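Notes for the structure review
Now for the letters of each chain:
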Amino acid sequence: MTAQAFFYNAIFFTFALVLTDFYGIAAGQVGWYILPFAISNFLGPLFLGRLFDTLGRRPMIALTYSISGILLALSGYLFSIGVLTATTQTIAWMVIFFCASPAASAAYLTVSETFPLEVRALAIAMFYAIGTGIGGVAGPLLFGALVETGSRASVFAGYLFGAALMLVAAAVGWRFGVAAERRPLESVAQPLATVE
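Side note on the overall build of the chain
Along its length, the chain carries 7 helices and 0 strands. The N-to-C order of helical and strand elements in the chain reads α-α-α-α-α-α-α. Taking 196 residues into account, the globule formula puts the C-alpha radius of gyration at 16 Å, and the chain, at 18 Å, falls close to it. In terms of its C-alpha atoms, the chain occupies a principal-axis envelope of roughly 65 × 30 × 30 Å. The buried share among the 196 residues of the chain stands at 42%. Considering only contacts within the chain whose residues lie at least 6 apart along the sequence, 81% involve residues at least 24 apart. About 9,700 Å² of surface is accessible on the chain, with carbon and sulfur atoms providing 72% of the total. Taking the average place of the 8 positive charges on the side chains of the chain and the average place of its 8 negative ones, the gap between the two points comes to 9 Å.

A few points about the packing of helix H1 (residues 2-23) against helix H5 (residues 120-148)
Interaxial distance between H1 and H5 falls to 7 Å at its minimum, and their mutual angle equals 25°. In terms of orientation, H1 lies roughly parallel with respect to H5. As for the relative orientation of H1 and H5, their crossing is right-handed in sense. Of the residues in the contact of H1 with H5, the class split is 14 nonpolar, 9 polar and 1 charged.

As for the environment of Arg-58
Within the fold, Arg-58 resides in helix H3 (residues 57-80). Sequence separation of Arg-58 and Ala-171 is 113 residues, and the distance between their C-alpha atoms is 10.0 Å. If sequence neighbours within four positions are ignored, Arg-58 has contacts with Gly-173, Trp-174, Gly-177 and Val-178.

Details of the packing of aromatic side chains
For the structure on display, the rule yields 17 aromatic pairs. With a centroid separation of 5.7 Å and 15° between ring planes, the pair formed by Tyr-8 and Phe-12 is classed as stacked. Separated by 4 residues within a single helix, Tyr-8 and Phe-12 lie in helix H1, roughly one turn from each other. Given the relative accessible area of 26%, Phe-12 is considered partly exposed. Geometrically, the ring pair formed by Phe-115 and Phe-127 is tilted, given 5.9 Å between the ring centres and 55° between the ring planes. Placement of Phe-115 in the loop between helix H4 (86-112) and H5 and of Phe-127 in helix H5 is noted, with a sequence separation of 12 residues between them.

Here we look at the pattern of salt bridges
Enumeration over the complete set of coordinates arrives at 1 salt bridge. Put simply, Asp-53 and Arg-57 hold a salt bridge, and the shortest N to O gap is 2.8 Å. By relative accessible area, Asp-53 is classed as partly exposed at 36%.

A look at helix H2 (residues 31-54)
Across its 24 residues, H2 extends 36 Å between first and last C-alpha, which sits within 8% of the 34 Å expected from 1.5 Å per residue. Remark: the principal bend of H2, roughly 40°, maps to Leu-48. Among all positions in H2, only Tyr-33, Phe-37, Ser-40, Asn-41, Gly-44, Leu-48 and Phe-52 are buried. Against H1, H3 and H4 lie the buried residues of H2. Gly-56 lies just past H2 and shows a positive phi near 120°.

What counts as what
Residues numbered from 1 in each chain as written. Predicted model: local features only at pLDDT ≥ 70, side-chain atom pairs only at ≥ 80, totals over all residues. Heavy atoms only, no water. Helix = DSSP H or I, 4+ residues; strand = E, 2+ residues; numbered from the N terminus. Rg over C-alpha atoms; globule rule 2.2 N^0.38 Å. Buried < 20%, exposed > 50% of the residue type's maximum accessible area, 1.4 Å probe, protein only. Contact = heavy atoms within 4.5 Å. Areas by Shrake-Rupley, 256 points an atom, 1.4 Å probe, with all protein chains shown as cover. Lys, Arg positive; Asp, Glu negative; His and termini not counted. Charge placed at Lys NZ, Arg CZ, Asp CG, Glu CD. Axes fitted to C-alpha atoms, helices over the stretch in contact; angles between N-to-C directions. Parallel < 35°, antiparallel > 145°, perpendicular 65-115°, else oblique. Left-handed = near helix turned anticlockwise from the far one by under 90°. Nonpolar A, V, L, I, M, F, W, Y, C, P; charged D, E, K, R; others polar. Phe/Tyr/Trp six-rings, centres within 6.5 Å; stacked < 30°, edge-to-face > 60°. Salt bridge = Lys/Arg side-chain N within 4 Å of Asp/Glu carboxyl O. Expected span 1.5 Å × (residues − 1). Bend = angle between axes of the 7 residues up to and from the residue.

In short, shape yes, function no, at least from these values alone.
Set out below in structure tokens:
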């Protein structure tokens, strides 16, 4: 969750800075680039969400986190060598977040499934707060400083760091994730109120 919060917030909250500082997009035009990015964040869970319950959360979280990390590293490299335009950069981020958004949504729910029913909501809240507190604050701060340098290489280093976090999160999800698809929540973790 920390990796996802870092990844998402670092990109989203510095998106406008990248567009204005590196691509010369007028501040008043940035919204036209954010709109398709936001749409892809909505469409990802809409189209891929079903696969998390049919193919399984564990493989889908690992797959979508991995794809997101690899694509971020690749698009970061293309950004660093200056071959992307504002439009192609936006398309790259749209594809990346089409995969990353459903992964993040599933991870929030999956992390709590190992807890008894009575404390699942608290578990989600705790993991969300900790993950967002660390990644959601560190990501934009780091990327804001990197963008401020004006160096594509520095921003690329930040993209590589975000990509590495996503790949580590994919491995953690694969190793420790619970196969809970198509199972009642009570069978994944026994409720505290269960009498044996």
